[in-house]
Amino acid sequence: MDPVTRIPIALIGLGHLGKIHARCLAALPSAFELVAAFDSDPEARAAFAKTSDAIICASLEDLWQVLRKRAETSAVAVDIVTPTPTHGVLAEAALHYGLHVFVEKPITATVAEAETLVALAERTSRVLQVGHVERFNPAFRLVADGQLRPVFIEAHRLAQFNPRALDVSVVLDLMIHDLDLVLHLVDAEVVQVSASGVAVVGDSIDIANARLDFANGATANLTASRISLKNMRKLRLFERDAYVSVDLLDKKTEIVRLSDHDPAAPGMFQLPTQNGLREVVMEQPDVLPINAIEEELRDFARAIQTGEQPQVTGRDGLRALALAQQIVADIEKRAARYSFTQSQGR
Ligand code: NAD
């Protein structure tokens, strides 16, 4: 990207992920210039001021003022990395001021807020991108080219306990990553949701399982936990004659395919099946050592510069959130039916 056209961007939220975003923005100097930053916590602002040349605004009003001025002469962007319940209000204000918006996942806490953002971004022709960063995970990118037609999907996303992000359920915090990936892979509507889950530590759901049935006959079985003893992020995809395993954490992809046996050129090993001898071919494609957050921010810059859609649109974020909320509602319905204590907040 031409350094002359680099996009002024502001960062809102200077916590755990906000600091990582600041480093990733700095690693893309030809795409973005971090011009301003804000956090509602004065200590976070003071700590960030020691590491950045950006204007550290003392209030949100100050930040909007700085950005609105710049937006009069060029495309200006904002990167929202604050807790989920604040996404809707902040992103809506930014779009009102004519800014392009990158908002962390989930897009918002409620479907109504997400619908407002999507409509506003479309009306004002501004980019609205959601931080479903796993789409840019190099292990997933190897299978995301539309070649696969999985009919059975297993997703496991297990995380050790972390007191951050307990303001939303594990469905909105973690499972939503896999919901977005599954919706991206299966080209059909979800026709049925059956879910269960439980609040173990706090007031919102800490571990959940959901089974999704799609209109084309595909099914997905997703498990997410934030109270596990070890971390795991795995996706397993099955289709006729193929099994694909994607390890999103260790960045490994394995593809196992069955093909017709060719006696003239036998492969590594053969499998006797009802349909005769089949050849088993295993591939472990090279996974590029790319930084997924840098990649999603690079895509955000591309969308702003070209006017094309980002890879993860506001509509994608809305679709994943609506499905997540359907899952939470099903969990709560089940809990009410069997009258065991369930979550307060979603
Ligand atoms: P965090 O608690 O570490 O940081 C949040 C920061 O936002 C804090 O510094 C807080 O003071 C600040 N803040 C709160 N309300 C604010 C407001 N109204 N205006 C300005 N600043 C405000 O949280 P985190 O782990 O950095 O998560 C932030 C967001 O990123 C969440 O939405 C979370 O879901 C998302 N996240 C995404 C991923 C991913 O894989 N894409 C991973 C972690 C977190």
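Scroll up to find the structure.
Remember, predicted model here, so these are calculated numbers, not experimental data.

A. Structural detail: the overall build of the protein chain. A count of helices and strands for the protein chain gives nine helices and 15 strands. The C-alpha atoms of the protein chain give a radius of gyration of 22 Å, which matches the 20 Å a tight globule of 346 residues would have. Per element, the accessible surface of the protein chain, about 16400 Å² overall, is 52% carbon and sulfur. On the protein chain, the mean spot of the 35 positive side-chain charges and the mean spot of the 45 negative ones are 2 Å from each other.

B. Quick peek at a nonpolar patch on the surface. The grouping of F161, L166, V200, V201 and I207 at the surface amounts to a nonpolar patch, some 400 Å² of accessible area in total. Along the chain, L166 turns up in the loop between β7 (152–160) and α7 (170–185). The class of L166 is partly exposed, set by a relative accessible area of 33%.

C. Quick peek at the nonpolar core. Membership of the largest hydrophobic core comes to 94 residues, with the highest contact counts inside it found for F32 and I327. Setting aside residues up to four positions removed in sequence, F32 forms contacts with R6, I7, I9, L25, L297, F300 and A301. With seven residues, the next largest nonpolar core counts L11, A22, A37 and V81 among its residues.

D. Structural detail: the site of the ligand. Of all residues adjacent to the ligand, which total 22 residues, the nearest are H16, L17, D39, K105 and R164. Between the ligand and S40, the relevant distance is 3.2 Å, taken from a nitrogen atom to a main-chain nitrogen or oxygen of the residue. Its free accessible area being 850 Å², the ligand has 77% of it covered by the protein chains. A breakdown of the residues in the shell around the ligand according to their chemical character gives seven nonpolar, ten polar and five charged.

E. Spotlight on the packing of helix α4 (residues 87–96) against helix α5 (residues 111–124). Relative orientation of the contacting elements α4 and α5 amounts to 15°, with a least axis distance of 10 Å. If you check the angle between α4 and α5, you find them roughly parallel. Here α4 runs over α5; the crossing is left-handed. Here G88, V89, A91, E92, L95 and H96 of α4 come into contact with α5, specifically with E113, T116, L117, L120 and A121.

F. Fine view of helix α3 (residues 60–71). When the terminal C-alpha atoms of α3 are compared, their 16 Å separation across twelve residues agrees well with the 16 Å that a helix rising 1.5 Å per residue should span. Every buried residue belonging to α3 is among L63, W64 and L67, and all of these are buried. The arc enclosing the buried residues of α3, seen along the axis, measures out at 95°, which places them on a common side. In α3, those exposed residues whose orientation departs by more than 90 degrees from the buried face are E61, Q65 and K69.

G. Spatial organisation of the sheet that holds strand β12 (residues 242–247). Spatially, β8-β9-β10-β7-β11-β12-β13-β15-β14 is the arrangement adopted by the nine strands of the open sheet, whose pairing is mixed. Both edges of this open sheet fall to β8 (190–198) and β14 (269–273), since each of them pairs with a single strand only. Taken over all neighbouring pairs, the strand axes of this sheet differ in orientation by 15° on average, direction set aside. In this sheet, strand β13 (residues 252–260) lies alongside β12 in antiparallel orientation, the contact comprising six bridges. The residue bridging S245 from the neighbouring strand is E254, located in β13. Together, β8 and β9 (207–214) form the strand contacts of helix α9 (residues 314–337), whose direction differs from that of β8 by roughly 55°.

Basis of the calculations
Residues numbered from 1 in each chain as written. Predicted model: local features only at pLDDT ≥ 70, side-chain atom pairs only at ≥ 80, totals over all residues. Heavy atoms only, no water. Helix = DSSP H or I, 4+ residues; strand = E, 2+ residues; numbered from the N terminus. Rg over C-alpha atoms; globule rule 2.2 N^0.38 Å. Areas by Shrake-Rupley, 256 points an atom, 1.4 Å probe, with all protein chains shown as cover. Lys, Arg positive; Asp, Glu negative; His and termini not counted. Charge placed at Lys NZ, Arg CZ, Asp CG, Glu CD. Patch = residues over 30% accessible without salt bridge, like charges linked within 9 Å, V, L, I, M, F, W, Y side chains within 5 Å. Salt bridge = Lys/Arg side-chain N within 4 Å of Asp/Glu carboxyl O. Buried < 20%, exposed > 50% of the residue type's maximum accessible area, 1.4 Å probe, protein only. Core = buried A, V, L, I, M, F, W, Y, C linked by side-chain atoms within 4.5 Å. Contact = heavy atoms within 4.5 Å. Near = heavy atom within 4 Å. Polar contact = N/O pair within 3.5 Å; in protein donor to acceptor, adjacent residues only side chain to side chain. Nonpolar A, V, L, I, M, F, W, Y, C, P; charged D, E, K, R; others polar. Axes fitted to C-alpha atoms, helices over the stretch in contact; angles between N-to-C directions. Parallel < 35°, antiparallel > 145°, perpendicular 65-115°, else oblique. Left-handed = near helix turned anticlockwise from the far one by under 90°. Expected span 1.5 Å × (residues − 1). Arc of directions from axis to C-beta. Pairing = 2+ DSSP bridges.

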